[in-house]
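Breakdown of the fold
Chain by chain, the residues:
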Amino acid sequence: MAGRVGNFKGDRARRHFLEVYRAAMAELPEVAESHDVATSFGSVRVYRFAGPPDLTPVVLLPGRNASVPMWRGNIPLLQRHRPVIGIDLLGEAGLSVQEKPITGPDDEAHWLDEAFAGAGLDRVHLMGVSIGGWTAANYAARRPGRAASLVLLDAVFTFAPVAVKAVLASPALFLPGVPENLRRRVLRWISGGADIDEAATEAALISSGSTDYTVRKAMPKMITDEQLGSLVIPVLALIGGRSVMHDADRAAQRARRLLPRGQVEVWPGASHAINGEYAVEITERAVDFWADADGRN
């Protein structure tokens, strides 16, 4: 069983990742509460950050090879308006611990639903970036009822296929022996040419997650037309116009055509790293969107 679940590549890799992770967590606002929620597929690390009481919380779902600290630039802004929950995705580098194989999209929705139930989250607004966006959309399509709305930030495998160039470049992030300068070039390319040193915390976290941890679970499957059409909750899809992960216009066209209550925007200056590049603008846009979704306007 151990060989069929995601895990660190050894004790040294685990120690290195935890050092990077803890340093990154230290740059986040104070954690009000953290706990590990048992699910059928392993334990899920959940963080609560204080926010205005009596409002539906926002749950942040990170991208691949990342974890809660990747939201460093977003959490301080978001928690002014909403309680914020951060989750380390099961089967990805982080403090969630996968114990059983995750064999496909239904398993992904299953463990996330159990995590929400175990954390006492009956109604949530989901915000996900990259694969975190796919995780949110997949969950809402397969387990309707708990998600009040979705904010999808350049979500992959959701509205358009992943670009061939991105598929070919991705091994440079996790294969052993890849020179660090090449790894940094790929990260910079994915981030739209941004100076990695300006996002050193996030870059170190993703680099460590890529090299210290082995993901062993089924690749995401494209969200189908039928599934997108079944999302009757409000969906805000913000797509990076400079994203290298997919064709932005193609993704936007499909999202606009299929989402019953979709608000779809291509942000021309944004790359796949949209959450860090436009933290203020995303917060402003999302706060109004959530108020509408809660019927508070």
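Preceding block: the structure.
Report on the accompanying structure. Just so it is clear, the structure is predicted and the values come from calculations on it, not from any experiment.

**Points about the packing of helix α1 (residues 11–25) against helix α8 (residues 200–212)**
Running from amino to carboxyl end, α1 crosses α8 at an angle of 160°, the nearest separation of the two axes being 9 Å. What the angle tells us is that α1 and α8 run roughly antiparallel. Handedness of the α1/α8 crossing: left-handed. Two secondary-structure elements touch here, α1 through Ala 13, His 16, Phe 17, Val 20, Tyr 21 and Ala 24 and α8 through Thr 201, Ala 204, Leu 205, Ser 208, Gly 209 and Asp 212. Class assignment of the residues belonging to the contact of α1 with α8 gives a composition of 7 nonpolar, 4 polar and 1 charged.

**Quick notes on the packing of aromatic side chains**
Following the criterion strictly, the structure yields 5 aromatic pairs and no others. Relative to Phe 17, the ring of Phe 8 has its centre 5.3 Å away and its plane inclined at 45°; by these criteria the two rings are tilted. Here Phe 8 matches Phe 17 in class, with each residue buried. Here Phe 17 and Tyr 21 contribute two aromatic rings whose centre-to-centre distance is 5.6 Å and whose plane-to-plane angle is 40°, an arrangement assigned as tilted. One end of the pair is Phe 17 and the other is Tyr 21, both in helix α1 and 4 residues apart, which spans about a single turn. Across the pair, exposure class does not vary: Phe 17 and Tyr 21 are buried alike.

Cut-offs and rules
- Sequence positions are assigned chain by chain, starting from 1 and proceeding in written order.
- Thresholds applied to this predicted model are a pLDDT of at least 70 for local features of residues and 80 or more for the giving and counting of side-chain atom pairs; totals over whole chains, interfaces and linings are not thresholded and use all residues.
- The side-chain figures draw on all heavy atoms in the structure; neither hydrogens nor water molecules are used.
- Whenever a helix is involved, its axis is fitted only over the stretch in contact; in every case the axis is a line through C-alpha atoms, and angles between N-to-C directions fall within 0 to 180 degrees.
- Note on conventions: DSSP H or I runs of at least 4 residues are helices, E runs of at least 2 residues are strands, and numbering of each starts at the N terminus.
- In what follows, roughly perpendicular refers to angles from 65 to 115 degrees, roughly parallel to angles under 35, roughly antiparallel to angles over 145, and oblique to any angle outside these ranges.
- A clockwise turn of the near helix away from the far one marks a right-handed crossing, whereas an anticlockwise turn of less than a right angle marks a left-handed crossing.
- We call two residues in contact whenever any of their non-hydrogen atoms come within 4.5 Å of each other.
- For this scheme, ten residues count as nonpolar: Ala, Val, Leu, Ile, Met, Phe, Trp, Tyr, Cys and Pro. Four count as charged, namely Asp, Glu, Lys and Arg, and the remainder, Gly too, count as polar.
- Working definition: a ring pair exists when centres of Phe, Tyr or Trp rings (six-membered ring for Trp) sit within 6.5 Å. Plane angles under 30 degrees give stacked, over 60 give edge-to-face, the rest tilted.
- When accessible area is computed with a 1.4 Å probe and restricted to protein chains, residues below 20% of their type maximum are described as buried, those above 50% as exposed, and intermediate ones as partly exposed.

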